[in-house]
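Letter by letter, the chains look like this.
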Amino acid sequence: MSDVFYIDGVRTPFARAGAKGAYWNTRADDLMAKATVGLVQRNASVPLDAIDDVAIAATTQQGDQGLTLGRTVGLLAGLPTSVPGYAIDRMCAGAMTAVTSMGSAIGYGAYDVALAGGVEHMGHHPMDFGAHANPRFAAERLLSSDALNMGCTAEILHDRFPHLTKERADAYALNSQRKAAAAYDAGHIQPDLVPVAAAGPEGWVSVTRDEQLRPQTTLEGLATLKTPFRDNGSVTPGNASPLTDGATVALLAGADAVSRHNLSPAMRMVSFAYAGVDPDVMGLGPVPATQKALAKAGLTIDDIGLIEANEAFAIQVLTLLDFYGIADDDARVNPWGGAIAYGHPLASSGVRLMIQLAAQFAQRRDVRYGITTMCVGLGQGGTVVWENPHYAGGN
Ligand SMILES: CC(C)(COP(=O)(O)OP(=O)(O)OC[C@H]1O[C@@H](n2cnc3c(N)ncnc32)[C@H](O)[C@@H]1OP(=O)(O)O)[C@@H](O)C(=O)NCCC(=O)NCCS
């Protein structure tokens, strides 16, 4: 058995999905390969042939996200042919599941070094495109039609928790935009972005920033937005994560590999858990997942100094905070903003959370533990508990 360490992680800048987005003419597997090259280049002390496996997630595994991504990305990124790879899917928690699967293999002692990440080109692969839900789901009422539309599940959360109002969701979204803008201004985000050369309508451009940040957001502007998932509803384009293209990847290693390759761990994996909830309230998934992961770690929420929660929708983060009695604007939660500002390229977002938590750990020697947590389509949640190796006491 070995400790499992997150050594490093990078991502492409996230872009708007669709024909107006920066990656419309860029293949998903090329985005993923670009991020992978960036990661191995900046961790050059790890010989490429020491990588035991590559797990890459995507929610839609066809077209430029087909053909067993972990393997194709390894080949495209110039990894030796001896390095194997595979594809993985747990919808939005794909990259998180890639990390926990590779982490499990390292913890068990089967692997020393592994890459884990995810990509989603939501422009090339609109949500649910090509999927054919089993007719039994409707015929036997195993799933409501709302459960298959993530925005509708968010509206149902507003129904179930009426004190979590649209106004609170909008205020939360505004805060996410402000925190992301401040993090960019402070230069916290840029070091972990791998620039991408992309063909645009006017030729090649270098994409170096997340494309969908809206630093000019105001509460008044948010209040006027349409509610596309329900007439007079509460979920708007402003308090939901936008449709996004992007790729992320992390380098994981066990204790022996850390000393052998002279690595500096950024986080230690303490525990992880996934949990299911009623698919109608998919966004509640982080609650039982966090309960399970904390119990496994022998910790309580009071031990957690930083929370990186994926903001699929403001309302679903609010349900998690409400459950634990944490204020909507608590400084421990997404200090550099979240998916409402950066975007949420489904299967890649789990590692974005880890990238931001790892960077915060390096600055916050007073914080010992943090979590990354996210909701997952069809009613699931996933949470990973991490320890800060830079911890110097105080929390
Ligand atoms: C909500 C959603 C349908 C909106 O899609 P869209 O209409 O293509 O979004 P847009 O970016 O064009 O925004 C729509 C409008 O809102 C405006 N807007 C968005 N965010 C805003 C903000 N923060 N402040 C002010 N205006 C904003 C846009 O400018 C646009 O205005 P326009 O129509 O005048 O151009 C889409 O983003 C979505 O489905 N999100 C959820 C994705 C999801 O389910 N992920 C999985 C989670 S489990």
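Preceding this paragraph is the structure being described.
Residues numbered from 1 in each chain as written. Predicted model: local features only at pLDDT ≥ 70, side-chain atom pairs only at ≥ 80, totals over all residues. Heavy atoms only, no water.

The next thing to look at is the overall build of the protein. Of the regular secondary structure elements, the protein holds 12 helices and 12 strands. Compactness check: the protein gives a C-alpha radius of gyration of 20 Å against a globular reference of 21 Å for 395 residues, within 12% of the reference. Every one of the 395 residues in the protein was classed for burial, and the buried ones make up 58%. Counted over contacts in the protein with a minimum sequence separation of 6, partners at least 24 positions apart contribute 80%. If the 28 positive side-chain charges of the protein are averaged to one point and the 39 negative ones to another, these points end up 1 Å apart. (Helix = DSSP H or I, 4+ residues; strand = E, 2+ residues; numbered from the N terminus. Rg over C-alpha atoms; globule rule 2.2 N^0.38 Å. Buried < 20%, exposed > 50% of the residue type's maximum accessible area, 1.4 Å probe, protein only. Contact = heavy atoms within 4.5 Å. Lys, Arg positive; Asp, Glu negative; His and termini not counted. Charge placed at Lys NZ, Arg CZ, Asp CG, Glu CD.)

Before going further, it helps to spend a moment on the site of the ligand. Residues in close proximity to the ligand total 18 residues, the closest being Met-127, Met-150, Arg-214, Thr-217 and Ser-241. In this structure, Thr-217 approaches the ligand through a side-chain N or O atom, which is 3.1 Å from a nitrogen atom. Within the backbone of Ser-241, one N or O atom sits 2.9 Å away from a nitrogen atom of the ligand. When the ligand sits alone it has 980 Å² of accessible area, and the protein chains cover 66% of it. Counting atoms within 2 Å of the grid points, the majority share of the ligand lands in the largest pocket. (Near = heavy atom within 4 Å. Polar contact = N/O pair within 3.5 Å; in protein donor to acceptor, adjacent residues only side chain to side chain. Areas by Shrake-Rupley, 256 points an atom, 1.4 Å probe, with all protein chains shown as cover. 1 Å grid on protein atoms, 1.4 Å probe; cavity = no way out; pocket = protein on both sides within 12 Å on 5 of 7 lines; lining within 4 Å. Sits in = over half its atoms within 2 Å of the grid points.)

Let us now look at empty space enclosed by the protein. This model, assessed by the stated rule, comprises two cavities of 30 Å³ or more. In this structure, the largest cavity spans a volume of roughly 50 Å³. Taken together, Arg-11, His-188, Ile-189, Asp-192, Leu-193, Trp-336, Ile-355, Gln-356 and Ala-359 make up the lining of the largest cavity. Residues that form the lining of the largest cavity fall into these classes: five nonpolar, two polar and two charged. (Points joined across faces, edges and corners; volume = space filled by probe spheres on them. Nonpolar A, V, L, I, M, F, W, Y, C, P; charged D, E, K, R; others polar.)

We note that Asp-128 has phi near 70 degrees; this positive angle belongs to a residue other than glycine. Looking at where Asp-128 falls in the secondary structure, it is placed in the loop between strand E5 (113-121) and helix H4 (135-139). Positive phi values are uncommon outside glycine, yet Asn-334 reaches one of about 40 degrees. Looking at the secondary structure, you find Asn-334 in the loop between helix H10 (314-324) and helix H11 (339-342).

What follows concerns the pattern of salt bridges. Here the structure, examined in full by the defined rule, presents 15 salt bridges. A salt bridge links Asp-159 to Arg-230, with the nearest nitrogen and oxygen atoms 2.8 Å apart. Of the two residues, Asp-159 is situated in helix H5 (residues 150-160) and Arg-230 in the loop between helix H7 (219-223) and strand E8 (244-254); the sequence distance between them amounts to 71 residues. The exposure class assigned to Asp-159 is partly exposed, which follows from its relative accessible area of 44%. On the basis of relative accessible area, Arg-230 is assigned to the partly exposed category, the value being 33%. With a closest N to O distance of 2.9 Å, Arg-368 and Glu-387 form a salt bridge. Residue Arg-368 is found in the loop between helix H12 (349-363) and strand E11 (369-376), and its partner Glu-387 is found in strand E12 (residues 380-387); the two are separated by 19 residues along the sequence. When its relative accessible area of 32% is taken as the criterion, Arg-368 is described as partly exposed. By relative accessible area, which is 15% here, Glu-387 ends up buried. (Salt bridge = Lys/Arg side-chain N within 4 Å of Asp/Glu carboxyl O.)

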